[in-house]
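Each chain is listed here by its residues.
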Amino acid sequence: MNRIVTIFGLILQSTFSLLAQEPLTEYRVMNTKATYEPAGKEYFVKGDTIKVVKISYFLLEEIIFSDHVSQEEQLVEHLEGTYEVSELFRLAKTKQAIKDNQYAKEKGLTPPASTRLEGDKALNDTLVLVVAKMKHFLDNPSIPIFECGRIEATRKGQIITVQNMGENSLYIDIIWVVDDQCFSALSYANDFVSDYPLSGGNSLDFSISKYAEDAILFVIGSPVPIPYNIINFGKFDSDGHTHGESLPISICKVSMQ
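Summary of the structure given here. The model shown is predicted, which means the values in this text are computed figures rather than measured ones.

1. A few points about the overall build of the chain
Looking only at helices and strands, the chain has three helices and 17 strands in total. Of all 257 residues assigned to the chain, the portion counted as buried reaches 39%. When contacts within the chain are restricted to residue pairs at least 6 apart in sequence, long-range pairs at least 24 apart make up 69% of them. Per element, the accessible surface of the chain, about 14,800 Å² overall, is 52% carbon and sulfur.

2. Topic: the nonpolar core
Nonpolar side chains in soluble globular proteins tend to be buried together. Counting residues in hydrophobic clusters, the biggest one holds 40 residues, and the most contacted among them are Ile 50, Phe 58, Leu 60, Ile 160, Ile 174, Leu 217 and Val 219. When contributions to this core are tallied by element, the ones reaching two or more residues are strand S1 (24-29), strand S4 (49-52), strand S5 (57-65), helix H2 (85-106), strand S9 (151-156), strand S10 (159-164), strand S11 (170-178) and strand S14 (203-207). Here this core takes five residues from H2, the largest share from any one element. Dropping the residues within four chain positions of it, Val 219 is found in contact with Ile 151, Ala 153, Ile 160, Val 162, Ile 172, Asp 173, Ile 174, Ser 250, Ile 251, Cys 252 and Val 254.

3. Some words on the sheet that holds S9
Hydrogen bonds along the backbone pair up the strands of a sheet, which may run parallel or antiparallel. Taking strand neighbours across the sheet as the criterion, the four strands line up as S14-S10-S9-S17 in an open arrangement whose pairing is mixed. Looking at strand neighbours, the two that pair on one side only are S14 and strand S17 (255-256), the edges of this open sheet. Across six bridges, the pairing between S9 and S10 is antiparallel. For Glu 152, the partnering residue across the bridge sits in S10 and is Gln 163.

4. Looking at the pattern of salt bridges
Scanning the model with the defined rule gives five salt bridges in all. Of the charged contacts in the structure, one is a salt bridge between Arg 150 and Glu 152, with a shortest N-O distance of 3.3 Å. Residue class for Glu 152 comes out partly exposed when judged on its relative accessible area of 35%.

5. What about unusual backbone geometry?
Of note, the bond from Glu 37 into Pro 38 is cis; its omega dihedral lies within 30 degrees of zero at 0°. Tracing the chain through its elements places Pro 38 in the loop between strand S2 (36-37) and strand S3 (43-45). In the Ramachandran plot, Asp 179 falls in the positive-phi region, its phi being about 50° despite a non-glycine side chain. Take Asp 179: it is sitting in the loop between S11 and strand S12 (181-184). You can call Asp 179 exposed: its relative accessible area is 75%.

6. Notes on the sheet that holds S1
Sheet architecture is open: four strands sit in the order S3-S1-S5-S6, paired in antiparallel fashion. Here the strands that pair on one side only, and so sit at the sheet edges, are S3 and strand S6 (70-77). Adjacent strand axes in the sheet meet at a mean angle of 25° when their direction is disregarded. Two elements, S5 and S6, share eight bridges in a ladder whose sense is antiparallel. When the sheet's bridge partners are listed, Ile 64 is paired in S6 with Ser 70.

7. Description of the packing of aromatic side chains
Under the defined criterion, the tally for this structure stands at four aromatic pairs. Ring centres 5.4 Å apart and planes at 45° place the aromatic pair Tyr 36 and Phe 58 in the tilted group. Placement of the pair is Tyr 36 in strand S2 and Phe 58 in strand S5, with a sequence separation of 22 residues. On the numbers, 5.3 Å between centres and 85° between planes, the contact of Phe 137 with Phe 218 is edge-to-face. Residue Phe 137 is found in helix H3 (residues 121-139), and its partner Phe 218 is found in strand S15 (residues 218-222); the two are separated by 81 residues along the sequence. This pair shows no difference in class: Phe 137 is buried, exactly as Phe 218 is.

8. Considerations on the environment of Ile 143
The topology assignment puts Ile 143 in the loop between H3 and strand S8 (145-146). Residue classification places Ile 143 among the exposed residues on the basis of a relative accessible area of 54%. Separated by 110 residues in the primary sequence, Ile 143 and Lys 253 have C-alpha atoms spaced 9.1 Å apart.

9. A few points about the side chain of Asn 202
Within the secondary structure, Asn 202 is located in the loop between strand S13 (197-198) and S14. What makes Asn 202 buried here is its relative accessible area of 19%. A distance of 2.6 Å separates the side chain of Asn 202 from the side chain of Ser 199, its partner in a polar contact. In contact with Asn 202, other than residues within four places in its own chain, are Tyr 83, Val 162, Gln 163 and Asn 164.

Rules and cut-offs
Residues numbered from 1 in each chain as written. Predicted model: local features only at pLDDT ≥ 70, side-chain atom pairs only at ≥ 80, totals over all residues. Heavy atoms only, no water. Helix = DSSP H or I, 4+ residues; strand = E, 2+ residues; numbered from the N terminus. Buried < 20%, exposed > 50% of the residue type's maximum accessible area, 1.4 Å probe, protein only. Contact = heavy atoms within 4.5 Å. Areas by Shrake-Rupley, 256 points an atom, 1.4 Å probe, with all protein chains shown as cover. Core = buried A, V, L, I, M, F, W, Y, C linked by side-chain atoms within 4.5 Å. Pairing = 2+ DSSP bridges. Salt bridge = Lys/Arg side-chain N within 4 Å of Asp/Glu carboxyl O. Axes fitted to C-alpha atoms, helices over the stretch in contact; angles between N-to-C directions. Phe/Tyr/Trp six-rings, centres within 6.5 Å; stacked < 30°, edge-to-face > 60°. Polar contact = N/O pair within 3.5 Å; in protein donor to acceptor, adjacent residues only side chain to side chain.

Structural measurements only, silent on function.
Okay, structure coming up:
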């Protein structure tokens, strides 16, 4: 009997230990009269599923209970399908970031950016490995690289639809190369890195700059954001740096519909 109690106590201790490592995250639908299923359900926790249709329009609040309670609201609109609730929140946030970025470009404002120093050695080491793979792909554009998950991209005008066929989230950017200089079709800011994680099995529409309309475009995905706008192929010597552990990436050429 004592042995059973001891085992049960260890199980409880392990469970509480795991719970203590990960803060509780709760999601709240701010308008329960909106069109979604389960209809009228207000509170969700990570792992719950929610079904939305294109006419759905409601605020979804993320509440994280840790040392300090943090709350963030995100508008859900123009989405359709069944999602794990945390993935729905992230997807809605990503779509809003794209919209904000496009608005900033249209108004001539500085798009959202994350600053990373070009002189940082760890960053340069990463870029050397990325550049080596990008060079190989640019020499052989008919052979995609799918090291971290298959991606597909189709283009219709200024809209490029990217689908992540793998299981893991990838940070997506759309690039082209002129005179050895790499450019992002999403932002020209020198400190810009893509902050658009596309989860596995989902697709997302990206609006490219009008200056990229006539360029040959490539979609690239990676497990972490990469500042492609600072890449000049002539400044990165990839010889002798292609061995050993490297960052997995996926690259494919954009096809026209």
